[in-house]
Amino acid sequence: MDVTRRTFGRLTAGAAAAALVPALPAFAGADPVQEAIMAFTGGATPAEGGIDLTTPEIAENGNTVPIEVSAAGASAILLLAAGNPNPGVATFTFGKLAPNRAASTRIRLAETQEVIAVAKLEDGEFVMVKNTVKVTIGGCGG
Amino acid sequence: MAKIKPRVKVPRSAAAGEVITIKTLISHPMESGQRKDKKTGELIPRRIINHFTAKFNGEVVFDATIEPAVSTNPYFAFDMIVPEAGTLTFEWVDDDGSVYTTEKKIAIG
């Protein structure tokens, strides 16, 4: 194909757009969340799967959103809310007498956002899961 | 300030090796430190429960480090295998240094 001035413009525009699209979500992923995950895993990137996070699809009241997390063989689970002023929610640690490494609690969500759970497994691996929760009335602040 | 009162739901007895569900709740405002006093416009200082631990006969079963994003009256539910008769102790640590504790006995049978 001959690269004329006109096609050149089209080609570069397409390439630029393609380069931008994957870069954007990574950038919007915000540093505090990434930092919190890295601090928990010690720099390891967690794999997907092997952990269950149960959240409501729509939370009418962001002040108390019931959530449940479970990960077989996890020794610790970190919970994060990516859209809150501070992403940290809680860190659970389980002893030998906890059979299924599951816990439920109620959390605050400021707005519609992703809730992230990262589990540290007993073999030293890390797994994570993300769920989006739509929040009608935000918690925090007021 | 409402009185801070821990509440725990644990079966009184269980078979050895049985898995039981423990539900805990403590009445606490969990002031996040983000809210403003509507009259003065000043930030209400943070005051939350920052740590919760459940132990069975001295051995940790469940432990939570808590941030302000946990709701008012923090609630936690988790499971435990009952290996023998014993005592569950629960401990909540407040930002102001107070520690609230409660105990539950579990019998076998």
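Our subject is the structure listed above.
Every value quoted in this text rests on a predicted model; they were computed, and no experiment measured them. (Residues numbered from 1 in each chain as written. Chains lettered and ligands numbered in written order. Predicted model: local features only at pLDDT ≥ 70, side-chain atom pairs only at ≥ 80, totals over all residues. Heavy atoms only, no water.)

### A short note on the overall build of chain B
Point 1. For chain B, the helix and strand inventory stands at zero helices and eight strands.
Point 2. Its C-alpha atoms give chain B principal-axis dimensions of about 60 × 20 × 20 Å.
Point 3. Restricting the contact set of chain B to residue pairs at least 6 apart, pairs at least 24 apart contribute 57%.
Point 4. Accessible surface, chain B as shown: approximately 5,700 Å² in total, 49% of it carbon and sulfur.
Point 5. Both charge centroids of chain B, one from 15 positive and one from 14 negative side chains, sit 9 Å from each other. (Helix = DSSP H or I, 4+ residues; strand = E, 2+ residues; numbered from the N terminus. Contact = heavy atoms within 4.5 Å. Areas by Shrake-Rupley, 256 points an atom, 1.4 Å probe, with all protein chains shown as cover. Lys, Arg positive; Asp, Glu negative; His and termini not counted. Charge placed at Lys NZ, Arg CZ, Asp CG, Glu CD.)

### A closer look at the overall build of chain A
Point 1. Scanning chain A for helices and strands turns up two helices and nine strands.
Point 2. Sequence-ordered secondary structure for chain A, helices as α and strands as β, is α-α-β-β-β-β-β-β-β-β-β.
Point 3. Burial statistics for chain A: of 142 residues in total, 38% are counted as buried.
Point 4. For chain A, long-range pairs separated by at least 24 residues make up 64% of all intrachain contacts whose partners lie at least 6 apart in sequence.
Point 5. Split by element, the accessible area of chain A, about 7,700 Å² in all, is 56% carbon and sulfur. (Buried < 20%, exposed > 50% of the residue type's maximum accessible area, 1.4 Å probe, protein only.)

### Some thoughts on the sheet that holds strand E6 (residues 75-81) of chain B
Point 1. Pairing is antiparallel in the open sheet, where six strands are placed in the order E2(A)-E4(A)-E7(A)-E6(B)-E3(B)-E1(B). The open sheet has two edge strands with one neighbour each: strand E2 (52-54) of chain A together with strand E1 (6-9) of chain B. Taken pair by pair, the neighbouring strands of this sheet meet at an average axis angle of 15 degrees, ignoring direction. (Pairing = 2+ DSSP bridges. Axes fitted to C-alpha atoms, helices over the stretch in contact; angles between N-to-C directions.)

### Structural notes on the pattern of salt bridges
Residues and elements named next belong to chain B.
Point 1. Considering all chains together, one arrives at five salt bridges over all chains under this definition.
Point 2. Asp94 serves as the salt-bridge partner of Arg47, at 2.9 Å between the closest nitrogen and oxygen. Taken together, the positions of Arg47 in the loop between strand E3 (19-26) and strand E4 (49-56) and Asp94 in strand E7 (residues 86-94) put the pair 47 residues apart, joining distant regions of the chain.
Point 3. Its salt-bridge partner being Asp96, residue Arg47 comes within 3.3 Å of it at the nearest N-O pair. Linking Arg47 in the loop between E3 and E4 with Asp96 in the loop between E7 and strand E8 (99-108), this pair joins segments that are 49 residues apart in sequence.
Point 4. Because the salt bridges share partners, they merge into one network encompassing Arg47, Asp94 and Asp96. (Salt bridge = Lys/Arg side-chain N within 4 Å of Asp/Glu carboxyl O.)

### Looking at helix H2 (residues 31-41) of chain A
All names here are of chain A.
Point 1. Looking at H2, one finds that the buried residues are Val33, Ile37, Phe40 and Thr41. An end-on view of H2 places all buried positions within 90 degrees of arc, on one side of the element. Pointing more than 90 degrees away from the buried face of H2 are the exposed residues Asp31, Glu35 and Ala39.
Point 2. Looking at the buried positions of H2, the neighbouring elements they touch are strand E5 (74-81), strand E6 (88-94), strand E8 (113-121) and strand E9 (126-137).
Point 3. Once H2 finishes, Gly42 follows within two positions and takes phi at roughly 70 degrees, a positive value. (Arc of directions from axis to C-beta.)

### Focus: the nonpolar core
Point 1. The biggest cluster of nonpolar side chains holds 56 residues, and the ones touching the most others in it are Phe92 of chain A together with Phe52, Met80 and Phe90 of chain B.
Point 2. Dropping the residues within four chain positions of it, Met80 of chain B is found in contact with Leu97 and Pro99 of chain A together with Glu18, Val19, Ile20, Ile22, Phe56, Val61, Leu88 and Ile106 of chain B.
Point 3. With 10 residues, the next largest nonpolar core counts Val33, Phe40, Ala76 and Leu78 of chain A among its residues. (Core = buried A, V, L, I, M, F, W, Y, C linked by side-chain atoms within 4.5 Å.)

### So, the packing of aromatic side chains
Point 1. One pass over the full model with this rule turns up 12 aromatic pairs over all chains.
Point 2. With centroids separated by 6.4 Å and ring planes inclined at 10 degrees, the aromatic side chains of Phe52 of chain B and Phe90 of chain B adopt a geometry described as stacked. A residue pair is termed long-range when its members are at least 10 positions apart, and Phe52 of chain B in strand E4 and Phe90 of chain B in strand E7 qualify at 38 residues. The pair Phe52 of chain B / Phe90 of chain B is uniform in exposure class, with both members buried.
Point 3. Every member of this aromatic cluster is reached through a ring pair, and the members are Phe92 and Phe94 of chain A together with Phe52, Phe62, Phe76, Phe78, Phe90 and Trp92 of chain B.
Point 4. Here the guanidinium or amino end of Arg106 of chain A rests over the ring plane of Tyr75 of chain B, the centre of that ring lying 4.4 Å away. (Phe/Tyr/Trp six-rings, centres within 6.5 Å; stacked < 30°, edge-to-face > 60°. Lys NZ or Arg CZ within 6 Å of the ring centre and 35° of its normal.)

### Remarks on the interface of chain A and chain B
Point 1. Contact with chain A, which involves 27 residues of that partner, is made by 30 residues of chain B.
Point 2. Around 2,300 Å² of area is buried between chain A and chain B when both sides are counted, 52% of it from carbon and sulfur atoms.
Point 3. Three residues, Leu97, Arg106 and Arg108 of chain A, lead the burial of chain A against chain B; their summed loss comes to 31% of the area buried on that side.
Point 4. Taken together, the links from chain A to chain B amount to zero salt bridges.
Point 5. Going through the elements one at a time, E6 and strand E7 (102-107) of chain A are the ones with two or more residues in the side of chain A that touches chain B.
Point 6. When the residues that make up the side of chain A that touches chain B are grouped by side-chain class, the tally is 12 nonpolar, 12 polar and three charged.
Point 7. Pairing analysis gives three bridges linking E7 of chain A to E6 of chain B, with the strands arranged antiparallel. In the strand pairing of E6 of chain B, Thr105 of chain A is matched with Phe76 of chain B. (Buried area = accessible area lost by both parts, 1.4 Å probe. Nonpolar A, V, L, I, M, F, W, Y, C, P; charged D, E, K, R; others polar.)

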